[in-house]
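Structural features, examined
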Amino acid sequence: MKLNKNYEFKKNYVFTEVSEKVAKFKQQNKDIKVYNLGIGDVTREMDKKLVEVMVNSLKRQENPKTFLGYPPETGYDFLKQAIKKNYNDMNINIDTDEIFVSNGAGCDVTNILSLFDEQTAVIADPTYPAYFDSNFLVGNKIILLPLNKENNYKMSPNALKKDKSYLIYICSPNNPTGATLSKEELKQWVDFANQTQSIILFDNAYQSFIVDDCPKSIYCTDDAKKCAIEISSFSKSAGLTNLRCGYTVVPKLLTRQNQMLNKMWFIHQCTFFNGVPYHIQKGAEFALSKEGQKICQKNINYYRQNVKILKNKLAKLGFSFIGNTNSPYVWAKIPNQMTSWKYFDYLLNTYHVVCVPGCAFGENGEGYVRFSAFAKRSDILAF
Ligand code: PLP
């Protein structure tokens, strides 16, 4: 038997190191309260109504008349209709058989690699580490496009060859920088992908944090349906990180080598996935309703207010930020020449605050740190 040697790879262990350092600090300083602004996970409790919808939906399982077995592999029609309506509200028409409900964007953005033979992946540096890790594990070639002040923290296709096709990861708003592509910038990528027969994987896990006129979906761009797969999540918008729900749109117009990727993903999900529980999908459906959106917006506003407070505080410490108004994270340039890790240690020891060193998101994250506003207000105020 031959094992995949790529699993011996040296994963970027920054997140593990952060946890170990924090545990050690707590052990040595038992009386000191540590403020965790590192973790990119929601912390606010769910609204009672959202929980009630899910609990009531679960209750049907105790009644022989309403009991349900396996869910449909690609999602219940009621949730697909709600997702379709959400797109309609953005003037985008998506058919329900183009929507694949899943247990989160993290799974889809990595499992999607199963549709492709050997590829060259184009990934921003810094960004969400799962793109790099999954491509490394399957043995793909990887081109990292640096994000920095000079390019306004945005990738551009100009650096790529025009006679080659790529698998292009676009995370907008980007984790960790918050940089969000405008309609014109997205169009540039869509045109490039269509010209080169490339495919864009558009991860909009943070779309609910967009407050300017940057698009929440790549399908606002003409012709994106011919080259882009969109991967979305209820994790940060509705606080479902624990309960797990997301969805991926694979348009029927997206074909390569006479194959519809929509059909391929259907086969993938029916083979490797057995669907999301009914009551979770009911919760997601509610989150997309008018009432649900209002309710979810309360928590989003809370985190957004955290961002404002954090930025004010950090500005006083000499940090500068990029224009990350659309993000629950603050991506901050370290004011002196300290490395990300040195600054992490300094913040922990001086202010008892935990951040994530920028190098966790790629080499170009060195010299930066990421603060998460998915934190308790009291933690943000105390620091
Ligand atoms: N995509 C990005 C950019 C993320 O930052 C995260 C989680 O932090 C995910 C996807 C994972 O989302 P989910 O909880 O839906 O798996």
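A quick note: this is a predicted structure, and the numbers were derived from the prediction, not measured. What you see as residue numbers is a count from 1 along each chain, following the sequence as written. Selection of residues for local features in this predicted model requires a pLDDT of at least 70, selection of side-chain atom pairs for listing and counting requires 80 or more, and totals for whole chains, interfaces and linings are taken over all residues. Water and hydrogen atoms were dropped before computing side-chain values, which therefore reflect all heavy atoms in the structure.

Focus: the packing of aromatic side chains
When the centres of two rings from Phe, Tyr and Trp lie within 6.5 Å, Trp using its six-membered ring, the rings pair. Their planes under 30 degrees apart give stacked, over 60 give edge-to-face, and anything left gives tilted. Within this structure, the stated rule accounts for 24 aromatic pairs. With 5.3 Å between their ring centres and 10 degrees between their planes, Y76 and F78 make a pair best called stacked. Each member of the pair Y76 and F78 is classed as buried. A ring pair is formed by F209 and F374, whose centres lie 5.8 Å apart and whose planes are at 85 degrees; its orientation type is edge-to-face. Of this pair, F209 sits in the loop between β6 (199-203) and β7 (228-233) while F374 is found in the loop between β15 (368-372) and α12 (377-382), placing the two residues 165 residues apart along the sequence. Across this residue pair, the class does not change: F209 and F374 are buried. Here the guanidinium or amino end of K282 rests over the ring plane of F78, the centre of that ring lying 4.1 Å away. We note R370 situated over the ring of Y329; from NZ or CZ to the ring centre the distance is 3.9 Å. Under the scheme applied here, a residue whose accessible area is under 20% of the maximum for its type counts as buried, over 50% as exposed, and between as partly exposed, the area being computed with a 1.4 Å probe on protein chains only. Only DSSP runs of H or I with at least four residues qualify as helices, and only runs of E with at least two residues qualify as strands; both kinds are numbered from the N terminus onward. Charges are assigned to positions over rings by a cutoff of 6 Å between ring centre and Lys NZ or Arg CZ, combined with an angular limit of 35 degrees from the ring normal.

Examining the pattern of salt bridges
Put simply, a salt bridge is a Lys or Arg side-chain nitrogen that is within 4 Å of an Asp or Glu carboxyl oxygen. Across all of its chains, the model carries twelve salt bridges by this definition. Put simply, K282 and E285 hold a salt bridge, and the shortest N to O gap is 3.0 Å. Taken together, the residues span about one helical turn, with K282 and E285 both in helix α9 (residues 278-288) at a distance of three residues. Among the charged side chains, a network of salt bridges with common partners joins D95, D97 and K252.

Points about the sheet that holds strand β5 (residues 167-171)
Paired strands, in this sense, are two strands between which DSSP finds at least two bridges. One open sheet accounts for seven strands, arranged β2-β8-β7-β6-β5-β3-β4; its pairing is mixed. Strands at the two margins of the open sheet, each flanked by one partner only, are β2 (99-102) and β4 (141-146). For this sheet, the mean angle separating the axes of adjacent strands, direction not counted, is 20 degrees. Judged from the six bridges that link them, strand β3 (residues 120-125) and β4 form a sheet pairing that is parallel. Axis definition: a line fitted to C-alpha atoms, limited for helices to the stretch in contact. Angles are taken between N-to-C directions and run from 0 to 180 degrees.

Side note on the packing of α9 against helix α10 (residues 290-316)
Contact geometry of α9 with α10 gives a least axis separation of 4 Å together with a crossing angle of 85 degrees. Considered as vectors, α9 and α10 are oriented roughly perpendicular to each other. Judged by residue contacts, F286, A287 and L288 of α9 engage K290, E291, G292, Q293, I295 and C296 from α10. The class makeup of the residues in the contact of α9 with α10 is five nonpolar, two polar and two charged. Roughly parallel here means an angle under 35 degrees, roughly antiparallel means over 145, roughly perpendicular means 65 to 115, and every remaining angle is called oblique. The contact criterion used is simple: two residues touch if any of their non-hydrogen atoms lie within 4.5 Å. Here the nonpolar group is Ala, Val, Leu, Ile, Met, Phe, Trp, Tyr, Cys and Pro; Asp, Glu, Lys and Arg are the charged ones; every other residue, Gly included, is treated as polar.

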